[in-house]
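Letter by letter, the chains look like this.
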Amino acid sequence: MEVTTLPDKEYRILIINPGSTSTKIGVFDNEISIFEKTIRHDSVMINNFSTIIDQYEFRKNTILETLDNEGINISKLSAVCGRGGLLRPIEGGTYAVNDRMLEDLRSAHTGQHASNLGGIIASEIASGLNIPAFIVDPVVVDELEPIARISGFSLIERKSIFHALNQKAVARRVAKELGKKYDRLNLIVTHMGGGITVGVHKQGRVVDVNNGLHGDGPFSPERAGTVPAGDLIALCFSGEHYREEIMKRLVGQGGLVGYLGTNDAVEVERRIEAGDEQARLVYDAMAYQVAKEIGAASSVLSGKVDAIILTGGLAYGKGFVKSITDRINWIADVIVHPGENELQALAEGALRVLRGEENVKTYPGNFTTAKI
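The text that follows walks through the structure, step by step, so that each part is easy to find.

A look at the packing of aromatic side chains
Part 1: A full pass over the atoms with the stated rule returns three aromatic pairs.
Part 2: Between Phe-219 and Tyr-259, the ring centres sit 6.0 Å apart and the planes meet at 50 degrees, which makes this aromatic pair tilted. Here Phe-219, found in the loop between β9 (205-209) and α7 (229-236), pairs with Tyr-259, found in helix α9 (residues 255-260); they are 40 residues apart in sequence, far enough to count as distant.
Part 3: Residue classification places Tyr-259 among the exposed residues on the basis of a relative accessible area of 55%.
Part 4: Centre to centre, the rings of Tyr-283 and Phe-320 are 5.1 Å apart; their planes meet at 35 degrees, and the pair counts as tilted. Of this pair, Tyr-283 sits in helix α11 (residues 277-300) while Phe-320 sits in helix α12 (residues 318-328); the two residues are 37 residues apart in sequence, bridging distant segments of the chain. The burial state of Tyr-283 is the same as that of Phe-320; both residues are buried.

Structure representation (structure tokens):
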């Protein structure tokens, strides 16, 4: 599908962001959201499908029915943009959905995840309307420099898996606020949600970042982050734990959940206000680890940092943000953009291509520095 660019045209874009038991959709006229909804899927219905990919027809029809019920005429759409899934490592940007991408999404080449449905459903709807389908900055964006891939253990290479969509979107917004171009700035962007990732954005490329899935970095509300390797190995081979149990302790039941039994930062703050010293210690330790990761990231840029950005749900916590900021504001100004608006970020990515501000990319392209 060829993309026709008209800078002054009004574009209507359908955004699709599938989650495990819900699908968030939005319709944007340029940057303005005219409709957003989270479609909740019946868990029994979802569980009837053998694989996540088998759900695509059901979810597509549900999306189309919802739009029809809301009186939204899809024939007026200019493009459809889906959340990028677990693809091969690619550099950041907006990609046209093509056959190679669809093949990898359907075969779960890099793993099964609900976000894999984003590109498939976008393509299904767009092809019937003869308009382009896109994805933007999936979690597998990999722009690591070679030196950042070295882990110190020759059998394991460091991987780039992080909150690329929100990190890149908020970095561009801050660049605009500063009156500069994203690819002319050195930024440290920290996404703080269920997982926490700290990205080094060097003139538009994320040259280093911790693996936010089940790798390294600060612990978070649900993830353990970096743990002492020797002790972890001893635990794994103690005969007292199953592999699945250990993985759950690292991802899902790690971090705040492991220490305090909750992933709700607001609940933790309530406990602290009520005098719970264990909650205070663990929460302070999470902020401490985030600040320490940011400090390490600043060394990648030799201290030449234009700004540090804090984003994600945890950035709403003023006490948590202050605890981090007090440790790192000597490096550079700290700019706080709480929350994440993935639908808006996807719409902006599609718009940059439709307006000719950015070239659409072809999956998987000739990006060869990333490996699987």
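Some thoughts on the sheet that holds strand β5 (residues 94-96)
By definition, the strands of a sheet pair up through backbone hydrogen bonds, in either a parallel or an antiparallel sense.
Part 1: One open sheet holds the seven strands; their spatial order is β3-β2-β1-β4-β6-β5-β12, and the pairing between them is mixed. Bordering the open sheet on either side are β3 (32-40) and β12 (361-362), each of which pairs with just one other strand.
Part 2: With eight bridges connecting them, strand β2 (residues 22-29) and β3 associate as antiparallel partners. Looking at the pairing, Asp-29 lines up with Ile-32 of β3.
Part 3: Contacts between helix α2 (residues 56-69) and the sheet are confined to β1 (12-18), β2 and β3, with β2 contributing the most and set at about 45 degrees to the helix.

A short note on the pairing of β9
Part 1: Summarising burial for β9: four of the five residues are buried, a large majority.
Part 2: With four bridges connecting them, strand β8 (residues 196-202) and β9 associate as antiparallel partners. If you follow Val-200 over to β9, its bridge partner there is Asp-208.
Part 3: Hairpin connection from β8 to β9: two residues lie between these consecutive antiparallel strands, with Gln-203 at a positive phi of about 50 degrees.

Thoughts on the layout of surface pockets
Part 1: Taken as a whole, the second largest pocket holds about 1,200 Å³ of empty space.
Part 2: In terms of lining residues, the second largest pocket is bounded by 35 residues, among which Ile-156, His-214, Gly-215, Asp-216 and Leu-232 are the most central.
Part 3: Only α7 and α8 (243-250) provide two or more residues apiece to the lining of the second largest pocket.
Part 4: Residue composition of the lining of the second largest pocket, grouped by class: 18 nonpolar, eleven polar and six charged.

With respect to unusual backbone geometry
Part 1: Of note, the bond from Tyr-363 into Pro-364 is cis; its omega dihedral lies within 30 degrees of zero at -10 degrees.
Part 2: On the secondary structure map, Pro-364 appears in the segment after β12.
Part 3: For Ala-108, which is not glycine, the phi torsion reads 50 degrees and is therefore positive.
Part 4: Relative to the helices and strands, Ala-108 is located in the loop between α3 (99-106) and α4 (116-129).

What to know about the nonpolar core
Part 1: Of all hydrophobic cores here, the largest spans 33 residues; its most connected members are Met-192, Ile-294, Ile-308, Phe-320 and Ile-324.
Part 2: Looking at this core, the elements with two or more residues in it are β7 (186-192), β8, α9, α10 (265-273), α11, β10 (307-312) and α12.
Part 3: Among the elements that take part in this core, α11 stands out by supplying nine residues, more than any other.
Part 4: Contacts of Ile-294, omitting those with residues within four sequence positions, involve Ile-188, Thr-190, Val-198, Ile-308, Leu-310, Ile-324 and Ile-328.
Part 5: If you look at the next biggest cluster of nonpolar residues, it comprises 31 residues, including Leu-77, Leu-86, Ile-131 and Ile-135.

Definitions and limits used
Residues numbered from 1 in each chain as written. Predicted model: local features only at pLDDT ≥ 70, side-chain atom pairs only at ≥ 80, totals over all residues. Heavy atoms only, no water. Phe/Tyr/Trp six-rings, centres within 6.5 Å; stacked < 30°, edge-to-face > 60°. Helix = DSSP H or I, 4+ residues; strand = E, 2+ residues; numbered from the N terminus. Buried < 20%, exposed > 50% of the residue type's maximum accessible area, 1.4 Å probe, protein only. Pairing = 2+ DSSP bridges. Contact = heavy atoms within 4.5 Å. Axes fitted to C-alpha atoms, helices over the stretch in contact; angles between N-to-C directions. 1 Å grid on protein atoms, 1.4 Å probe; cavity = no way out; pocket = protein on both sides within 12 Å on 5 of 7 lines; lining within 4 Å. Points joined across faces, edges and corners; volume = space filled by probe spheres on them. Nonpolar A, V, L, I, M, F, W, Y, C, P; charged D, E, K, R; others polar. Core = buried A, V, L, I, M, F, W, Y, C linked by side-chain atoms within 4.5 Å.

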